[in-house]
Amino acid sequence: MSSYVVERNLGQYIFFMDVSPAWWLNHRSSDEKIIKYIMDKFGRDYYPRTIFQARKQVDLDDLGNPLSRYIRSEIINRDFSFEFLPEEEIHKSHYTIRNGNVIFENNLRRQNARLKISVRVYN
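Cut-offs used in this document
Residues numbered from 1 in each chain as written. Predicted model: local features only at pLDDT ≥ 70, side-chain atom pairs only at ≥ 80, totals over all residues. Heavy atoms only, no water. Helix = DSSP H or I, 4+ residues; strand = E, 2+ residues; numbered from the N terminus. Buried < 20%, exposed > 50% of the residue type's maximum accessible area, 1.4 Å probe, protein only. Contact = heavy atoms within 4.5 Å. Lys, Arg positive; Asp, Glu negative; His and termini not counted. Charge placed at Lys NZ, Arg CZ, Asp CG, Glu CD. pLDDT = per-residue confidence, 0-100. Arc of directions from axis to C-beta. Core = buried A, V, L, I, M, F, W, Y, C linked by side-chain atoms within 4.5 Å.

1. Some words on the overall build of the protein
Right, on to step 1. Of the regular secondary structure elements, the protein holds three helices and eight strands.
Right, on to step 2. Reading the protein from its N end, one meets helices and strands in the order β-β-α-α-β-β-α-β-β-β-β.
Right, on to step 3. Burial analysis of the protein (123 residues in total) assigns 34% to the buried set.
Right, on to step 4. Intrachain contacts of the protein at a sequence separation of at least 6 include 67% that bridge at least 24 residues.
Right, on to step 5. Here the protein contributes 19 positively and 16 negatively charged side chains, and the mean placements of these two sets differ by 2 Å.

In structure tokens:
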């Protein structure tokens, strides 16, 4: 199972799909093309793939699980919302003290451009 866990926020499960900025520029004017892309690619190209439900880990790759079937049916029925999140750079810095010397270390992490997909929570 993936190390990512689905974020549950305000009655929504939040998933992500990586897309290129060039793809977004070509398709941003047509919601229909974006929805079709999500419907076609969601089954194999989304993350995270683990949900906590009643303190149990649920693997969404297990199609025998009713929650996994529910999420996929919501995608197929177009009952979801999406948002584009552009590339971002996350800068973090910290310091270490070694032998009386202070060493500043910068950490740069890049986040790919992605689609944020929201699906209503299973009841």
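2. Quick look at the confidence of the model for the protein
Right, on to step 1. When the pLDDT values of the protein are averaged, the result is 84; 92% of them are 70 or greater.
Right, on to step 2. Of all the helices and strands in the protein, strand β1 (residues 7–9) carries the lowest mean pLDDT, 60, while strand β5 (residues 81–85) carries the highest, 92.

3. Some details on helix α2 (residues 31–41)
Right, on to step 1. Taken together, the buried positions of α2 are Ile-34, Ile-35, Tyr-37 and Ile-38. Down the axis, α2 shows its buried residues gathered within 160 degrees of arc, on one side only.
Right, on to step 2. The secondary structure elements touched by the buried residues of α2 are β2 (12–18), α1 (21–27), α3 (66–76), β5 and β8 (114–120).

4. Describing the nonpolar core
Right, on to step 1. Grouped together as the largest cluster of nonpolar side chains are 26 residues, with contacts concentrated most on Phe-15, Ile-38, Phe-42, Ile-51, Ile-71, Leu-115 and Ile-117.
Right, on to step 2. If you list the elements that add at least two residues to this core, you get β2, α1, α2, α3 and β8.

5. Digging into the environment of Asn-101
Right, on to step 1. Counting through the fold element by element, Asn-101 comes out in strand β7 (residues 101–111).
Right, on to step 2. Classification of Asn-101 by relative accessible area gives partly exposed; the value is 48%.
Right, on to step 3. When the C-alpha atoms of Asn-101 and Val-19 are compared, they prove to be 43 Å apart, with 82 residues separating the residues in sequence.

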